[in-house]
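# Summary of structural features
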Amino acid sequence: IVVAGHTWCSISAARFQVWVRGDTPIDIDVNDGPDVAYGTLFPDLDMNDVNALIKRSLSRMRDSIVLCLQESDPQFDTSPMLQHDIRFPFKLEWDLCRDNFLISAEQTAHKRYIAWY
């Protein structure tokens with residue numbers, strides 16, 4: 001972001017690395033595997049792997065609930081839960097997140113300009 005010939009804010013990328021706890025604690029030094037996903041919010045929007053990891057995580061939560069129910073009552077019919085397609089409980093609007101990220105960067109640069117000028 002350039003104002004009055006001065007670069008007030010320069011962001012080249014906004015990338016995400018997301019971990020999900022499996023059977024062991026999260027190890028932030030692990031950069032690949034089924035419990036790690038990467039996404040890009042800016043400059044190119046690509047959060048598909050993050051969305052897939054979130055969906056797998058929701059499936060794990062469902063499976064844990066099913067296991068708990070089966071342990072508490074072996075006669076309990078969990079088949080409807082297992083047959084249910086996992087969906088996000090909310091709409092993931094990554095484009096809106098990206099837009100708000102860019103607006104925040106512009107506002108930060110503008111405030112720096114006002115304070116300096």
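Our subject in this report is the structure included herewith. (Residues numbered from 1 in each chain as written. Predicted model: local features only at pLDDT ≥ 70, side-chain atom pairs only at ≥ 80, totals over all residues. Heavy atoms only, no water.)

On to the pattern of salt bridges, then. According to the stated counting rule, one finds 3 salt bridges in the structure shown. A salt bridge links Asp35 to Arg60; the shortest N-O distance between them is 2.4 Å. Remark: Arg60 occurs in helix 1 (residues 48-72) and Asp35 occurs in the loop between strand 3 (14-19) and strand 4 (36-42); sequence separation between them is 25 residues. Given a relative accessible area of 22%, Asp35 falls into the partly exposed group. (Salt bridge = Lys/Arg side-chain N within 4 Å of Asp/Glu carboxyl O. Helix = DSSP H or I, 4+ residues; strand = E, 2+ residues; numbered from the N terminus. Buried < 20%, exposed > 50% of the residue type's maximum accessible area, 1.4 Å probe, protein only.)

Turning to helix 3 (residues 94-116), a few remarks are in order. Relative to the 33 Å expected for 23 residues at 1.5 Å per residue, helix 3 spans 33 Å between its end C-alpha atoms, a close match to the ideal helical length. The complete set of buried residues in helix 3 reads Trp94, Ala105, Ala109 and Tyr113. Buried residues along helix 3 sit against strand 1 (2-3), strand 4 and helix 1. (Expected span 1.5 Å × (residues − 1). Contact = heavy atoms within 4.5 Å.)

Here we come to the packing of aromatic side chains. By the definition in use, this model includes 2 aromatic pairs. Residues Phe16 and Trp94 carry aromatic rings whose centres are separated by 6.2 Å and whose planes lie at 55° to one another, so their mutual orientation is tilted. Of this pair, Phe16 sits in strand 3 while Trp94 sits in helix 3, and the two are 78 residues apart along the sequence. A residue is classified by how much of its surface remains accessible, and Phe16, at 32% relative accessible area, is partly exposed. Taking relative accessible area as the criterion, Trp94 reaches 18% and is therefore assigned buried. (Phe/Tyr/Trp six-rings, centres within 6.5 Å; stacked < 30°, edge-to-face > 60°.)

Another aspect to go through is the side chain of Thr78. For Thr78, the position within the fold is in the loop between helix 1 and helix 2 (79-83). Other than its neighbours up to four places away in sequence, Thr78 contacts Val66, Leu69 and Gln70.

Here Ser10 lies in the loop between strand 2 (6-7) and strand 3. The class of Ser10 is exposed, set by a relative accessible area of 66%. Considered as a pair, Ser10 and Ala109 are 99 residues apart in the sequence and their alpha carbons are 9.2 Å apart.

This next bit is on the environment of Asn48. Within the secondary structure, Asn48 sits in helix 1. As a C-alpha pair, Asn48 and Leu102 span 54 residues in sequence and 20 Å in three-dimensional space.

Listed in full, the 9 residues of the largest apolar core are Ala14, Val20, Ala37, Leu41, Phe42, Met47, Val50, Leu53 and Trp94. Counting residues per element, this core draws most heavily on strand 4, at 3 residues. Among residues more than four places away in sequence, those in contact with Trp94 are Leu41, Leu45, Met47, Val50 and Asn51. Formed by 5 residues, the second largest nonpolar core is a distinct cluster that contains Trp8, Cys9, Ala109 and Tyr113. (Core = buried A, V, L, I, M, F, W, Y, C linked by side-chain atoms within 4.5 Å.)

Most of strand 4 is tucked away: 5 of the 7 residues are buried. In the sheet, strand 3 pairs with strand 4 via 6 bridges, with the strands oriented antiparallel. Following the sheet pairing, Arg15 is matched in strand 4 by Thr40. (Pairing = 2+ DSSP bridges.)

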